[in-house]
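This is what each chain is made of:
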Amino acid sequence: DSVNDLQKYLNETKSLSANFNQTVRSKSGKTENSSGQFYLIRPGKFKWIYKQPYNQEITSNGQQLWLYDIDLAQVTIKPINKALDASPAAILTGNNNLAQNFNLQSLPTKDGANWVALTPKSKDGSFAQIRIGLVNGAIDRMELDDHFNQTTMISFNKVQKNAPISAQMFTFTPPAGVDVIRE
Amino acid sequence: CAQTPLAVPPAGFAATGKINIRQANQSDTAQFSWVAAKQQDQLILSSPFGTTLAELVLQYQGDRVSSAVLNRGEQLDQADDPEQLLQQLTGLTLPVSGMRWWLRGLPSPNEPFAREGEVLLQNGWRITPSDYRNTPLPYRIELLRDDLKVRILINEWNSAAP
C-alpha cells in the first residue's frame, strides 16, 4: 500500500533534487504562487530555494541551518532542531522513521496519485496534516494543511534521485555585505 | 508642516509583503498580509511554506484600537492592548496600533508626531518610509526603537480591499 511505497522510496533515496511549484490557498480562496528548487542528501542535508515572492535560500548541513533572505540581505543561522518541525524539507530529509513523528495512513488514489496521510503526533507543530502523493512509487507532490484550514500544495518536476550531489552544496557562505545573525 | 493624516480610504486598503523583526541577535521573518477596512484591520503572519502563524484582528473605535483578537489555530485570545497580546503569545514585538497609518508613511492621528525630513517620529518610534516608485505609497518601511528594528517590504498594494 502507499505507506509501504513511501517508506520504500525514502529508504532507497540517498539524494534527491527537483524543481517545485508551490501554491498556497487560503480559506478566503486567495492563492499565492511560488516556485524554486531543492537539493538534498538524506539524512539531514538540504538546500531549499524559493524564488518570488519569498526569495529565500534555506541550507542545512544537518547540524545548523542558514536562512538567507535575499530581499533583506540577511542570513540567520539557527541550530537545526529549533528551526524546522514538519516542513517539506524536514520530511524529505528526515530520518527514515516517519512513524515515530507521524501517524501514517494510506489514502485512496486521487488525481492520478496514491496518497499517504501524515498526521503529526505532536500537536504544536505548524501543520494539522500533510499528504504525500506518489506516482509509480515516487514522490510527485505534497499537500500541507495548517491549523487555519489553509493548504500549501507543492508539485515536483525534473526529479533526480540518487544522482551525485557535492556536499559543498550544503554549507552556505554568506555573500559579501550581507548581515549575518547567529541565533 | 502638520498634514492632516489620511483616514483609511473608504474602500480600505490591503498590503502584502515581508516583515522582519530584529532585536539583538534574534531575527524573525514572516510573510504578512494587512487588510484595512473602515473599523477593522486584519493582520495575517505566515511562513514561506505558506503556513499561517497567527491572525490578528483589530477593532477600532474612531482611530483607536478598541479590542484585538489573536487567532493561533486552535486558540483565540482577546485583549485591549494588541502589542502586549502579540508579544506575550508569539514573542513578536510589533507596533500594530499605529500600523494602518505607518504602513502608508503617515502619522497615526492619536498621538503627537514630529518630522525630520523623510523620518516620522511618533510613540518613541522612528518611522522611515521609502521606495515610493513614483506612487503615493512606500514599498519599504523601517521602524526603529531602542534596540528593535522592524523592516517591512511591500510586495503589493491593493486599494480596493473589502
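By convention here, each chain's residues receive numbers from 1 onward along its written sequence. Chain A is the first chain written and ligand 1 is the first ligand written, with later ones labelled in order. Confidence filtering applies because this is a predicted model: local features only for residues at pLDDT of at least 70, side-chain atom pairs given and counted only at 80 or more, and all residues used for totals across whole chains, interfaces and linings. The basis for every side-chain value is the complete set of non-hydrogen atoms in the structure, without hydrogens or water.

## Here we look at the overall build of chain B
Step number 1: Note on conventions: DSSP H or I runs of at least 4 residues are helices, E runs of at least 2 residues are strands, and numbering of each starts at the N terminus. On a plain count of helices and strands, chain B comes out with two helices and eleven strands.
Step number 2: Secondary structure elements of chain B occur, N-terminal to C-terminal, as β-β-β-β-β-β-α-α-β-β-β-β-β.
Step number 3: Every radius of gyration here is taken over C-alpha atoms, with the globule rule written as 2.2 Å times N^0.38, N being the number of residues. Rg of the C-alpha trace for chain B: 15 Å, near the compact-globule value of 15 Å for 162 residues, within the 12% margin.
Step number 4: Any residue under 20% of the maximum accessible area for its type is buried, any over 50% is exposed, and the rest in between are partly exposed; the area is computed with a 1.4 Å probe on protein chains only. Every one of the 162 residues in chain B was classed for burial, and the buried ones make up 48%.
Step number 5: Long-range pairs, those at least 24 residues apart, make up 37% of the contacts in chain B between residues at least 6 apart in sequence.
Step number 6: Of the roughly 7,500 Å² of accessible surface on chain B, a fraction of 51% belongs to carbon and sulfur atoms. Contacts are assigned to residue pairs with any non-hydrogen atoms lying within 4.5 Å of each other. Each accessible area is a Shrake-Rupley result for a 1.4 Å probe, and residues are judged covered by the shown protein chains and nothing else.

## Observations concerning the overall build of chain A
Step number 1: Broken down by element type, chain A carries four helices and twelve strands.
Step number 2: Its C-alpha atoms give chain A a radius of gyration of 16 Å, within 12% of the compact-globule value 16 Å for 183 residues.
Step number 3: Structurally, chain A occupies a C-alpha span of about 50 × 40 × 30 Å along its principal axes.
Step number 4: In chain A, which comprises 183 residues, the proportion classed as buried is 49%.
Step number 5: Relative to all contacts within chain A whose residues are 6 or more apart in sequence, the contacts with residues 24 or more apart total 46%.
Step number 6: Surface exposure of chain A reaches about 8,400 Å², of which carbon and sulfur atoms provide 50%.
Step number 7: Charged side chains in chain A number 19 positive and 16 negative. The centres of these two groups are separated by 3 Å. By the counting scheme adopted, Arg and Lys are positive, Glu and Asp are negative, and His together with the chain ends is not counted. The location of each charge is read from NZ of Lys, CZ of Arg, CG of Asp or CD of Glu.

## Digging into helix 1 (residues 2–11) of chain A
Step number 1: S2, V3, L6, Y9 and L10 of chain A are the residues of helix 1 of chain A that are buried. Along the long axis of helix 1 of chain A, the arc covered by the buried residues comes to 130 degrees, so they all point the same way. Working definition: the arc comes from the directions between the helix axis and the C-beta atoms, pointing outward to the latter.

## Examining the side chain of T151 of chain A
All names here are of chain A.
Step number 1: Inspection of the secondary structure puts T151 in strand 11 (residues 151–161).
Step number 2: We call two N or O atoms a polar contact when they sit within 3.5 Å, provided that within protein one can donate a hydrogen and the other can accept it, with sequence-adjacent residues counted only if both atoms are side-chain atoms. There is a polar contact of 3.1 Å between the side chain of T151 and the side chain of D145.
Step number 3: Once residues lying within four places of it in the same chain are set aside, the contact partners of T151 are T23, V24, R25, R131, E143, L144 and D145.

## Some details on the interface of chain A and chain B
Step number 1: Listed by partner, the interface residues are 31 residues for chain A and 24 residues for chain B.
Step number 2: Buried area adds together the accessible area that both of two parts lose upon being put together, with accessible area traced by a 1.4 Å probe. Note on chain A versus chain B: buried area summed over both sides is about 2,300 Å², and carbon and sulfur give 51% of it.
Step number 3: Salt bridges are defined as contacts in which a side-chain nitrogen from Lys or Arg sits within 4 Å of a carboxyl oxygen from Asp or Glu. At the boundary of chain A with chain B, the tally comes to three salt bridges.
Step number 4: The interface formed by chain A and chain B includes eleven residue pairs in polar contact (both at pLDDT 80 or more).
Step number 5: Elements with a minimum of two residues in the side of chain A that touches chain B: strand 1 (15–25), strand 4 (56–61), strand 6 (74–79) and strand 12 (179–182) of chain A.
Step number 6: Residue composition of the side of chain A that touches chain B, by class: eleven nonpolar, ten polar and ten charged. Each residue gets one of three labels, nonpolar for Ala, Val, Leu, Ile, Met, Phe, Trp, Tyr, Cys and Pro, charged for Asp, Glu, Lys and Arg, and polar for the others, Gly among them.

## Topic: the sheet that holds strand 9 (residues 127–135) of chain A
Residues and elements named next belong to chain A.
Step number 1: Pairs of strands are assigned from DSSP output, requiring at least two bridges between the strands. Spatially, 7-8-9-10-11-1-2-3-4-5-6-12 is the arrangement adopted by the twelve strands of the open sheet, whose pairing is mixed. Sheet topology places strand 7 (102–110) and strand 12 at the edges, where each strand pairs with a single neighbour. On average, each strand axis in the sheet is tilted by 20 degrees relative to the strand beside it, whichever way the strands run.
Step number 2: As judged from the nine bridges shared by strand 1 and strand 11, these two strands associate in the antiparallel manner. The partner of N21 across the bridge, within strand 11, is S155. Here an angle of 0 to 180 degrees is reported between the N-to-C directions of two axes, which are lines fitted to C-alpha atoms, with helices fitted over the stretch in contact.

## Quick look at the nonpolar core
Step number 1: Only buried Ala, Val, Leu, Ile, Met, Phe, Trp, Tyr and Cys residues count toward a nonpolar core, and they belong to the same one when joined by side-chain atoms within 4.5 Å. The biggest cluster of nonpolar side chains holds 38 residues, and the ones touching the most others in it are W34 and I152 of chain B.
Step number 2: With five residues, strand 11 (residues 148–158) of chain B is the largest single contributor of residues to this core.
Step number 3: With residues up to four places along the chain from it excluded, the contact list for I152 of chain B reads K18, I19, F32, M99, L103, Y139, R140, I141 and L143 of chain B.
Step number 4: Counting residues in hydrophobic clusters, the runner-up holds 34 residues, among them V24, Y50, F127 and I139 of chain A.

## Some points on the side chain of D69 of chain A
Step number 1: Residue placement: D69 of chain A occurs in strand 5 (residues 64–69).
Step number 2: Side-chain polar atoms of D69 of chain A contact the side chain of Q56 of chain A, separated by 3.0 Å.

## Some thoughts on the confidence of the model for chain B
Step number 1: On average, chain B scores 90 in pLDDT, and the residues at 70 or more come to 91%.
Step number 2: The ipTM, which scores confidence in the relative placement of chains, is 0.81 for this predicted complex, and the corresponding pTM is 0.86. In predicted models, pLDDT denotes the confidence assigned by the predictor to each residue on a 0 to 100 scale.

## Here's the deal with the packing of aromatic side chains
Step number 1: Pairing of aromatic rings covers Phe, Tyr and Trp, the last counted by its six-membered ring, and requires centre-to-centre distances within 6.5 Å; plane angles under 30 degrees mean stacked, over 60 mean edge-to-face, and any other angle means tilted. Enumeration over the complete set of coordinates arrives at eight aromatic pairs over all chains.
Step number 2: Here the aromatic rings of Y50 of chain A and Y54 of chain A are separated by 5.3 Å at their centres, their planes lie at 90 degrees, and the arrangement is edge-to-face.
Step number 3: Judged by its relative accessible area of 1%, Y50 of chain A falls in the buried class.
Step number 4: Its relative accessible area of 1% is what places Y54 of chain A among the buried residues.
Step number 5: For the ring pair Y68 of chain A and F172 of chain A, a centre distance of 5.3 Å and an interplane angle of 40 degrees mean the geometry is tilted. Taken together, the positions of Y68 of chain A in strand 5 and F172 of chain A in the loop between strand 11 and strand 12 put the pair 104 residues apart, joining distant regions of the chain.
Step number 6: Grouping aromatic residues by their ring pairs yields a cluster made of F20, F38, W48, Y50, Y54 and F156 of chain A.
Step number 7: Each ring is checked for a lysine NZ or an arginine CZ that lies within 6 Å of its centre and within 35 degrees of its normal; such an atom marks a charge sitting over the ring. Just above the ring of Y60 of chain B sits the side chain of R100 of chain B; from NZ or CZ to the centre is 4.0 Å.
Step number 8: Lying over the aromatic face of Y139 of chain B, R133 of chain B brings its terminal NZ or CZ to 4.0 Å of the ring centre.

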